[in-house]
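# A look at the structure
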Amino acid sequence: MNMIDFVKGKIVELSPMSVVIDNNGIGYSMLISLQTYQALEGKADGIVYIHHHIRQDDEEYYGFATKDERELFELLIGVSGVGVGSARMMLSSLSAEEIRQAILSDDVAKIKSVKGIGLKSAQKVIIELKDKIVKGEGADSTEIFAAGHNEIVEEACRALIMLGFSKQNVNKAVQAILKANPKAKVEDVIKSALKML
């Protein structure tokens, strides 16, 4: 789990590869994808969601304009043989939605079109992530997120997954509860879901 979830503040420096955000006089430097660069371009202030990557001899902060992009990055680096550089390259070459669609439709060519991703890696990404993407990272969770329940959905899902329930079951339960009761608070959603799961 990241100790720093996000940094919000003044954008001091921005390039297609990195961003520096000033938060209360501390400049946080983060590596970013082209997607995040495009989202931050032209803005004076911004919020960037952090992935803290630690290796034996090095540590780096990766920044993302959305939680969705960070989640996809973390899924990608979870695939054996896909490092942080390759994952960032994928998110710079394709949008998060294009990557999800390519995985769901077994589009090896699309993933292989990313510089540095070979046939084997592209196949691995599809095989290892297909279930995880179907289980609500993309398609079905965007529907409820769009309904303005964003934070409630995220908080409730995170809490339930941490309690050990599978993402697929959690998503179905949370969706059903919010459909029946759109004004439900986070704690109500969790309580109701615990009875269903």
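Residues numbered from 1 in each chain as written. Predicted model: local features only at pLDDT ≥ 70, side-chain atom pairs only at ≥ 80, totals over all residues. Heavy atoms only, no water.

Both strand β1 (residues 6-14) and strand β4 (residues 45-55) contribute to a ladder of 5 bridges, which runs antiparallel. In the strand pairing of β4, Val7 is matched with Val48. The sheet contact formed by β4 and strand β5 (residues 58-64) spans 7 bridges and is antiparallel. Counted as the bridge partner of His51 is Tyr62 from β5. (Pairing = 2+ DSSP bridges. Helix = DSSP H or I, 4+ residues; strand = E, 2+ residues; numbered from the N terminus.)

In this section: the confidence of the model for the chain. Of the residues in the chain, 90% have a pLDDT of 70 or more, and the chain-wide mean is 85. For residues 135-148, every residue scores under 50 in pLDDT, and the model assigns this stretch 24 contacts once sequence neighbours within four places are set aside. (pLDDT = per-residue confidence, 0-100. Contact = heavy atoms within 4.5 Å.)

Here we take up the nonpolar core. With 25 residues, the main nonpolar core has Leu72, Leu76, Met90, Ile111, Val125 and Leu129 as its most contacted residues. When residues of this core are traced back to their parent elements, those giving at least two are β5, α2 (67-77), α3 (84-93), α4 (96-104) and α6 (119-137). With 5 residues, the top contributor of residues to this core is α6. Sequence-distant contacts of Met90, that is, excluding residues within four places in its chain, are made with Leu76, Ile99, Ile111, Val114, Ile117 and Val125. Counting residues in each nonpolar core, the second largest holds 14 residues, with Ala156, Ala173, Val189 and Ala193 among its members. (Core = buried A, V, L, I, M, F, W, Y, C linked by side-chain atoms within 4.5 Å. Buried < 20%, exposed > 50% of the residue type's maximum accessible area, 1.4 Å probe, protein only.)

If you walk through the whole model with that rule in mind, you get 3 salt bridges. Note that Arg70 and Asp5 form a salt bridge whose closest N and O atoms lie 2.9 Å from each other. Linking Arg70 in helix α2 with Asp5 in the segment before β1, this pair joins segments that are 65 residues apart in sequence. Here Asp68 and Arg100 are joined by a salt bridge, their closest N and O atoms 2.9 Å apart. In this pair, Asp68 sits in helix α2 while Arg100 sits in helix α4, placing the two residues 32 residues apart along the sequence. For Arg100, a relative accessible area of 2% gives the class buried. (Salt bridge = Lys/Arg side-chain N within 4 Å of Asp/Glu carboxyl O.)

Within the element layout of this structure, Phe73 appears in helix α2. Classification of Phe73 by relative accessible area gives buried; the value is 0%. C-alpha of Phe73 to C-alpha of Ile152: the two residues are 79 residues apart in sequence and 22 Å apart in space. Filtering out sequence-adjacent residues up to four positions away, Phe73 remains in contact with His51, Tyr62, Phe64, Val84, Ala87, Arg88 and Leu91.

Examined bridge by bridge, β1 and strand β2 (residues 18-23) share 4 bridges and lie antiparallel to one another. Its bridge partner lying in β2, Glu13 is registered against Val20. If you look at the hairpin formed by β2 and strand β3 (residues 26-32), you'll find 2 residues sitting between the two strands, and Asn24 has a positive phi there, around 50 degrees.

With that out of the way, let us pick up the sheet that holds β5. Taken together, 5 strands build a closed barrel; the order of strands is β1-β2-β3-β5-β4 and the barrel is mixed. Neighbour-to-neighbour, the strand axes of the sheet open up by a mean angle of 55 degrees, direction not taken into account. For β3 and β5, the ladder comprises 2 bridges, and the chain directions are parallel. The partner of Ile32 across the bridge, within β5, is Gly63. (Axes fitted to C-alpha atoms, helices over the stretch in contact; angles between N-to-C directions.)

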